[in-house]
Amino acid sequence: MKLIVAIVQDQDSHILIDELMQEDYRVTKLASTGGFLKSGNTTLLLGVDDERVEKAIKIIEDNCKTREITTSLLTMTIPGDNYVPYPMEVKVGGANIFILDIEEYVNY
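Residues numbered from 1 in each chain as written. Predicted model: local features only at pLDDT ≥ 70, side-chain atom pairs only at ≥ 80, totals over all residues. Heavy atoms only, no water.

(A) Representation of the pattern of salt bridges. If you walk through the whole model with that rule in mind, you get three salt bridges. As a salt-bridge pair, Lys2 and Asp101 come within 2.2 Å of each other at their nearest N and O atoms. Separated by 99 residues along the polypeptide, Lys2 in strand β1 (residues 2–9) and Asp101 in strand β6 (residues 95–101) bring together distant segments of the chain. When its relative accessible area of 22% is taken as the criterion, Lys2 is described as partly exposed. (Salt bridge = Lys/Arg side-chain N within 4 Å of Asp/Glu carboxyl O. Helix = DSSP H or I, 4+ residues; strand = E, 2+ residues; numbered from the N terminus. Buried < 20%, exposed > 50% of the residue type's maximum accessible area, 1.4 Å probe, protein only.)

Here it is in structure tokens:
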């Protein structure tokens, strides 16, 4: 058995969870926050039998694509000057997936 930890963007999470549940995966959803843009993320936990890991990864891949957005980050100029917004193209989305071996699973 494996534990899949998938960190996805909030806007991808709802459809992804629906797709995983349609395929009989049990999903635990945790709210999390990203670092660079401080945007909302969702961390999903899935306990998966070894033979179903590849299918779960494929579902995540199909529903969590990277895309580019334009954002205005505040940058500081010379001391004493004002903050100046600087438009910047950044990639968002996709998924970070961690697959961990489970030594023991107990269900009460």
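That covers the picture; the talk isn't over yet.
(B) Representation of helix α1 (residues 10–22) within the structure. With 13 residues, α1 should cover 18 Å at 1.5 Å per step; its first-to-last C-alpha distance of 19 Å lies within 8% of that length. Every buried residue belonging to α1 is among Asp12, Ser13, Leu16, Ile17 and Leu20, and all of these are buried. Immediately downstream of α1, the backbone of Asp24 shows phi near 65 degrees, a positive value. (Expected span 1.5 Å × (residues − 1).)

(C) Spotlight on the side chain of Thr43. In this fold, Thr43 is placed in strand β3 (residues 40–48). On the basis of relative accessible area, Thr43 is assigned to the buried category, the value being 11%. Here Ser32 takes part through its side chain, which lies 3.0 Å from a polar atom of the side chain of Thr43. Not counting the four nearest positions on each side in its chain, Thr43 is found in contact with Val5, Ala6, Ile7, Thr28, Lys29, Leu30 and Ser32. (Polar contact = N/O pair within 3.5 Å; in protein donor to acceptor, adjacent residues only side chain to side chain. Contact = heavy atoms within 4.5 Å.)

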